[in-house]
Amino acid sequence: KAGVTQTPRYLIKTRGQQVTLSCSPISGHRSVSWYQQTPGQGLQFLFEYFSETQRNKGNFPGRFSGRQFSNSRSEMNVSTLELGDSALYLCASSLGLAGAYEQYFGPGTRLTVT
Amino acid sequence: DAKTTQPNSMESNEEEPVHLPCNHSTISGTDYIHWYRQLPSQGPEYVIHGLTSNVNNRMASLAIAEDRKSSTLILHRATLRDAAVYYCILRDSWGKFQFGAGTQVVVTP
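Keep in mind that this is a model prediction, so the values were computed, not measured.

A. Quick peek at the packing of aromatic side chains. What the rule picks out here adds up to eleven aromatic pairs over all chains. Residues Y35 of chain A and F99 of chain B carry aromatic rings whose centres are separated by 5.5 Å and whose planes lie at 85 degrees to one another, so their mutual orientation is edge-to-face. A residue pair is termed interchain when its members come from two chains, as with Y35 of chain A in strand β4 (residues 31–38) and F99 of chain B in the loop between β8 (84–91) and β9 (103–108). As far as the burial class goes, Y35 of chain A and F99 of chain B line up, both buried. With centroids separated by 5.7 Å and ring planes inclined at 70 degrees, the aromatic side chains of F47 of chain A and Y49 of chain A adopt a geometry described as edge-to-face. Of the two residues, F47 of chain A and Y49 of chain A, neither departs from the other in class, the shared state being buried. Taken together, the ring pairs in this structure connect Y35, F45, Y104 and F105 of chain A together with Y36, Y46, Y87 and F99 of chain B into an aromatic cluster.

B. Structural context of the confidence of the model for chain B. Overall, the predicted model of chain B reaches an average pLDDT of 92, with 96% of residues at or above 70. Mean pLDDT across the elements of chain B ranges from a minimum in β8 of chain B, with 94, to a maximum in strand β6 (residues 61–64) of chain B, with 98.

C. Expanded view of the layout of surface pockets. Here the largest pocket is characterised by a volume of approximately 430 Å³. Lining the largest pocket are 25 residues; nearest its centre among them are Q37, L88 and R110 of chain A together with Q38 and S41 of chain B. Counting only elements with at least two residues in the lining of the largest pocket, the list comes to β4 and β5 (42–50) of chain A together with β8 of chain B. When residues in the lining of the largest pocket are grouped by element, the largest group, three residues, is from β8 of chain B.

Rules used in this analysis
Residues numbered from 1 in each chain as written. Chains lettered and ligands numbered in written order. Predicted model: local features only at pLDDT ≥ 70, side-chain atom pairs only at ≥ 80, totals over all residues. Heavy atoms only, no water. Phe/Tyr/Trp six-rings, centres within 6.5 Å; stacked < 30°, edge-to-face > 60°. Helix = DSSP H or I, 4+ residues; strand = E, 2+ residues; numbered from the N terminus. Buried < 20%, exposed > 50% of the residue type's maximum accessible area, 1.4 Å probe, protein only. pLDDT = per-residue confidence, 0-100. 1 Å grid on protein atoms, 1.4 Å probe; cavity = no way out; pocket = protein on both sides within 12 Å on 5 of 7 lines; lining within 4 Å. Points joined across faces, edges and corners; volume = space filled by probe spheres on them.

Now the structure itself:
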């Protein structure tokens, strides 16, 4: 079974631009979560989607948004990029929302904002 | 949101057991206890999870205190490949994951 895949793996953008990251979950998984990881803040939860609906959201500004498609694939978008958005963005998938399900993480997308 | 407390780092010798503690005194009845680890330059990897009873899998064992206010991840025989940051996380019914700083495990040959 293929794991979680994320594209692109690396990205360099300029301040003020916007970016879209993509995540393909493990086949059969209906929940997709997104995280931001930085050296200073560690791993922070962005949001979680299940059946095309956002079910949970972390404490990030509205510039961070996402969506999930009917095939469970998900995208996250960051508009008006700031230098502080430079981070590793991780996607994770699981069978369901509840605590009984473990998450499987992708390799991440390394975003650098200059 | 319930939070967890873990030591910043732990050191172990290769082939010896490692006991990683986690305190979660504000845990609620529906919170599952999850453990993940992250090797350098990789995404986090699922290790184990449980609700009330102790759990075992091929990677590790999870011992949960009777009052559920603490738990211990046990790596039975540490190898150099087990050197990683280990995260203890509570996942409630609504599924929100809150990662803490984790414990850096150092394995010495």
